[in-house]
Amino acid sequence: MSALLEAEGLALRFGAVPALDGVALEIFPGEVVAIVGESGSGKTTLLRVLSGMMRPEAGEVRYRDPEGGFHVLHEMKEAALRRLHRTDWGFVHQNPRDGLRMRVSAGGNIGERLMAVGARNYGSIRAEAAEWLRRVEIDPARIDGMPALFSGGMQQRLQIARTLVTRPRLVFMDEPTGGLDVSVQAKLLDMVRALVADLGLSVVIVTHDIAAARLLAHRLLVMRRGQVVEQGLTDRVLDDPQHEYTQLLVASVLAA
Ligand SMILES: Nc1ncnc2c1ncn2[C@@H]1O[C@H](COP(=O)(O)OP(=O)(O)O)[C@@H](O)[C@H]1O
Ligand SMILES: [Mg+2]
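Fair warning: this is a prediction, and the values are worked out from it, not measured in the lab.

Draft legend 1. Quick look at helix α6 (residues 152–164). Here α6 is 13 residues long and its end C-alpha atoms lie 18 Å apart, about the 18 Å a rise of 1.5 Å per residue gives. The element α6 is largely enclosed, with a buried count of 12 among its 13 residues. In the core, the buried residues of α6 are packed alongside β6 (89–92), α3 (96–99), α4 (106–116), α5 (122–135), β7 (170–174) and α7 (182–199).

Listed below in structure tokens is the structure:
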């Protein structure tokens, strides 16, 4: 089985700060990979580089299309990359405001993505939007409601519906529960886990929440100062961490 996405030798610095320093990874179909590490370790930067939103100073990201062709991400034309983000890929931002259009209704936020992949029938777009609202546990009666009036948890669920409605193969998530109350986080994580399993998605999820990583991810990458210091199957890494930094991360969660 070949990887959906592979990266090697990624490097990027901001001034003197090495945000990425020789990162390599592969994402296989149907796999959920979590990137964990403390704040400032380079997780968001890695996600932005992997998804083509940022260009690395060194190294390469390769993407495999559904026909099996490989593309070097940063050699793709801007329009092709945008198309990729509308079709085969999805991105769930930490702040739902970065992923939603706040002046467009809930139904419009979902319908717009369908139209971007060619849907034209108003009735079926609206029906599918309503179905996706149900799926993320938003009352479909709020289909014409504005996301600005939704709670943070609802906004995040709407962003997830908007992202998944086009059935992307690969979804990037940056701290999807980061801005939410703890009580809301657990419920959202359960929902994400069910949707990912249901749709057979490949996911790269950034989180500083070890418990979330344990719940969702098959595989874990631990980042520190722009480097992957440890990686492996989630249970192995968390139950038997080899690197001192991972041991500290795991211990700090147990102590919390
Ligand atoms: N646009 C930027 N300009 C300058 N420094 C940045 C920028 N983005 C990130 N950094 C720095 O790069 C490092 C990694 O940041 P980031 O990838 O956001 O980490 P994380 O997501 O793990 O918290 C940090 O030291 C951060 O301050
Ligand atoms: Mg971050």
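Here the narrative resumes.
Draft legend 2. Broad picture of helix α1 (residues 43–50). Of all eight residues making up α1, six are buried, and the element is well covered by its neighbours. Lys43, Thr45, Leu46, Leu47, Val49 and Leu50 are the residues of α1 that are buried. One or two residues past the end of α1 sits glycine 52, with phi positive at roughly 80°.

Draft legend 3. Focus on the site of ligand 1. Residues in contact with ligand 1, as listed here, are Phe14, Val17, Ala19, Glu38, Ser39, Gly40, Ser41, Gly42, Lys43, Thr44 and Thr45. Taking lysine 43, its side chain carries an N or O atom lying 2.8 Å from an oxygen atom of ligand 1. Within the complex, the protein chains bury 58% of what would otherwise be the 570 Å² of accessible surface of ligand 1. Listed by contribution, the elements that provide at least two residues to the shell around ligand 1 are β2 (17–27) and α1.

Draft legend 4. The packing of aromatic side chains, seen in detail. Following the criterion strictly, the structure yields three aromatic pairs and no others. Seen from their ring centres, tryptophan 89 and phenylalanine 172 are 5.1 Å apart, and the 75° between their planes marks the pair as edge-to-face. Of the two residues, tryptophan 89 sits in strand β6 while phenylalanine 172 sits in strand β7, which places them 83 residues apart along the sequence. Looking at tryptophan 89, the relative accessible area reads 1%, which means it is buried. The class for phenylalanine 172 is buried, based on a relative accessible area of 0%. The structure contains a cluster of three or more aromatic residues connected by ring pairs, namely Tyr63, Trp89, Phe91 and Phe172.

Draft legend 5. Layout of the domain arrangement of the protein. You can read the domains of the protein as domain 1 (5–88 + 168–255) and domain 2 (98–166). In this complex, domain 1 contributes 16 residues to the contact, which on the side of domain 2 involves 15 residues. Regarding the contact of domain 1 and domain 2, the summed buried area is about 1,300 Å², with carbon and sulfur atoms giving 68% of it. The largest contributions to the domain 1 side of the interface with domain 2 come from Arg86, Met191 and Leu195, which together make up 36% of the buried area. Between glutamate 137 and lysine 187 there is a salt bridge, with its nearest N and O atoms 3.4 Å apart.

Criteria and cut-off values
- Residues numbered from 1 in each chain as written.
- Chains lettered and ligands numbered in written order.
- Predicted model: local features only at pLDDT ≥ 70, side-chain atom pairs only at ≥ 80, totals over all residues.
- Heavy atoms only, no water.
- Helix = DSSP H or I, 4+ residues; strand = E, 2+ residues; numbered from the N terminus.
- Expected span 1.5 Å × (residues − 1).
- Buried < 20%, exposed > 50% of the residue type's maximum accessible area, 1.4 Å probe, protein only.
- Contact = heavy atoms within 4.5 Å.
- Near = heavy atom within 4 Å.
- Polar contact = N/O pair within 3.5 Å; in protein donor to acceptor, adjacent residues only side chain to side chain.
- Areas by Shrake-Rupley, 256 points an atom, 1.4 Å probe, with all protein chains shown as cover.
- Phe/Tyr/Trp six-rings, centres within 6.5 Å; stacked < 30°, edge-to-face > 60°.
- Domains from an automatic or database assignment.
- Buried area = accessible area lost by both parts, 1.4 Å probe.
- Salt bridge = Lys/Arg side-chain N within 4 Å of Asp/Glu carboxyl O.

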